[in-house]
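# Coordinate analysis (summary)
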Amino acid sequence: MQLDGRIALVTGGSRGIGRACVVELARRGAAVTLVYRSNREAAEALVTELTAEGLAVEAAEADVRDGQRAQQIVDRLVEKHDRLDILVNSAGIVSDGLLGAMTTEQWTSVIETNLTGTYHYCRAVAQQMMYQRSGSIVNLSSTAAEYASRGQVNYAASKGGINGLTRGMAKEFAPRKVRINAVAPGMIETDMSEAIRNLAGEQILKAIPMKRIGKPEEVAAVVAFLAGDEASYVTGQILLVDGGLSLGVY
Amino acid sequence: MPTKDEIFEKVQEALVEALGVDNDEVAPEATLVGDLGAESIDFLDIVFRLEKAFDIKIPRGELFPEDVWTNAEYVQDGKVTEAGLEELRRRMPFANLDQFAKNPVVQEFGNLLTVADMCRFVETKVEVTD
């Protein structure tokens, strides 16, 4: 299979898009470690489900805001497998509110989880991948980074930051044969987007040329593509998976 | 405990792998930046390879204290100040800074660090036998 023998690490892997990425990478042959913060039950259920299929999946508990823990998880993986091929940074939260009503805690929690968490894991794997002269990192961005929506300045800023991190890191590491890309989903059917989907109702479909909400699996397939050798000449790119949302209404 | 020759061989191997240069280019007097073409990011790679080769830990910035260049106290008009030179001597006892001190232009510093300096740096981290 496409990712046979690859060692992969996926943050935010117990639910939503991260979960779909774990499933996709494992079914393509990678040995996957998923990182979860609080949803132990979901993480363990996923591990049980996939190991029953004969796939190599394990779980590690961590708050991505903890940089030391990130390094610990990566070091343990490298010690066990002597390499690390794929990192998918999917851990993310929303804490919406209009700017005037947003608390500093709301701002900080979103920036630290989405952006700083991504930084921690990128930094933790960077030296090993550089040492190997191989590796692929895929960060989960969002169309919100470029196309603003009210009540999400913290989320948009965190995802815009991820785009910058992705491009900058890609430039630094390209000569060392490590690729870094991002996937920017539009409206996807996850728990995290449920509130906004409920709020917008059918109106939201008018803004999406494909007239439907995307599925986590459709994002995961693109993540797996970027993680694998089929994308061997692609780095520093932000790939939109949004059913045409970014094309505009007219 | 490695000998000095063994340290040189492992340093040479680390530099060959990190910088994609040939063995014979990595002579003791070769400078990392000027002769071997190292960029700042390569120092991360080199440090990691040295850590693995000698089973040691090297705190970031110890081999190549880049933070000195961004400290206004230590750099003025593109040149390292007296205080900066003192700081570099304190943090890089393995390197010979005499030549650099004559015209301490920041951009020239990278041309100073040699393979022999790297070996001396490692010697401060491991016990060496004769």
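Residues numbered from 1 in each chain as written. Chains lettered and ligands numbered in written order. Predicted model: local features only at pLDDT ≥ 70, side-chain atom pairs only at ≥ 80, totals over all residues. Heavy atoms only, no water.

Take a nonpolar patch on the surface next. The grouping of A:Leu99, A:Trp107 and A:Val153 at the surface amounts to a nonpolar patch, some 280 Å² of accessible area in total. Position of A:Val153 relative to the elements: it lies in helix α5 (residues 153-173). (Patch = residues over 30% accessible without salt bridge, like charges linked within 9 Å, V, L, I, M, F, W, Y side chains within 5 Å. Areas by Shrake-Rupley, 256 points an atom, 1.4 Å probe, with all protein chains shown as cover. Salt bridge = Lys/Arg side-chain N within 4 Å of Asp/Glu carboxyl O. Helix = DSSP H or I, 4+ residues; strand = E, 2+ residues; numbered from the N terminus.)

Within soluble globular proteins, side chains that are nonpolar generally end up buried alongside one another. In terms of nonpolar packing, the biggest core is built from 42 residues, with B:Val11, B:Leu15, B:Leu50, B:Leu88 and B:Phe109 touching the most fellow members. Sorting the residues of this core by element identifies α1 (4-19), α2 (40-54), α3 (82-91) and α6 (115-123) of chain B as the ones contributing at least two each. Broken down by element, this core gets its largest block of residues, six residues, from α1(B). Residue-level mapping places this core at the junction of two domains, with at least three residues from each of domain 1 (1-60 + 113-130) and domain 2 (65-112) of chain B. Apart from residues no more than four positions distant in its own chain, B:Val11 is found in contact with B:Leu50, B:Phe54, B:Val115, B:Met118, B:Cys119 and B:Val122. Judged by nonpolar contacts, the second largest core, of 35 residues, contains A:Val22, A:Leu55, A:Val222 and A:Val241. (Core = buried A, V, L, I, M, F, W, Y, C linked by side-chain atoms within 4.5 Å. Buried < 20%, exposed > 50% of the residue type's maximum accessible area, 1.4 Å probe, protein only. Domains from an automatic or database assignment. Contact = heavy atoms within 4.5 Å.)

The interface is formed by eleven residues belonging to chain B together with ten residues belonging to chain A. Counting each side, the surface lost to burial between chain B and chain A is near 970 Å², with a carbon and sulfur contribution of 49%. At the junction of chain B with chain A, the criterion picks out three salt bridges. Between B:Asp45 and A:Arg133 there is a salt bridge, with the nearest N and O atoms lying 2.7 Å from each other. Taken together, the connections running from chain B to chain A amount to seven residue pairs in polar contact (both at pLDDT 80 or more). The element contributing the most residues to the side of chain B that touches chain A is α2(B), with seven residues. A breakdown of the residues in the side of chain B that touches chain A according to their chemical character gives four nonpolar, no polar and seven charged. (Buried area = accessible area lost by both parts, 1.4 Å probe. Polar contact = N/O pair within 3.5 Å; in protein donor to acceptor, adjacent residues only side chain to side chain. Nonpolar A, V, L, I, M, F, W, Y, C, P; charged D, E, K, R; others polar.)

Take α3(B) next. An α-helical turn contains 3.6 residues, so a residue and the one three or four places further along point in the same direction. Residue and element names in this part refer to chain B. Looking only at α3, the buried set comprises Gly84, Leu85, Glu87 and Leu88. Viewed along the axis of α3, the buried residues span an arc of 160°, placing them on a single side of the element. Turned more than 90 degrees from where α3 packs its buried face, Glu82, Glu86 and Arg90 sit exposed. In this structure, the buried residues of α3 make contact with β2 (79-80), α4 (98-102) and α5 (106-109). (Arc of directions from axis to C-beta.)

Further remarks concern a negative patch on the surface. Residues B:Asp22, B:Asp24, B:Glu25, B:Glu29 and B:Asp35 make up a contiguous surface patch of negative charge. The residue B:Glu29 is located in the loop between α1 and α2 in this model. (Lys, Arg positive; Asp, Glu negative; His and termini not counted. Charge placed at Lys NZ, Arg CZ, Asp CG, Glu CD.)

This part is about the domain arrangement of chain B. Residue and element names in this part refer to chain B. Each assigned domain of chain B is listed with its residue range as follows: domain 1 (1-60 + 113-130) and domain 2 (65-112). Computed from C-alpha atoms alone, the centre-to-centre distance between domain 1 and domain 2 is 21 Å. With nine residues of domain 1 in contact, the opposing surface of domain 2 contributes nine residues. Summed over both partners, the interface of domain 1 with domain 2 buries about 750 Å², with 57% contributed by carbon and sulfur atoms. Our enumeration of links across domain 1 and domain 2 arrives at zero salt bridges. Linking domain 1 to domain 2 there are two residue pairs in polar contact (both at pLDDT 80 or more). Ranked by residue count, the leading element in the side of domain 1 that touches domain 2 is α6, at three residues.

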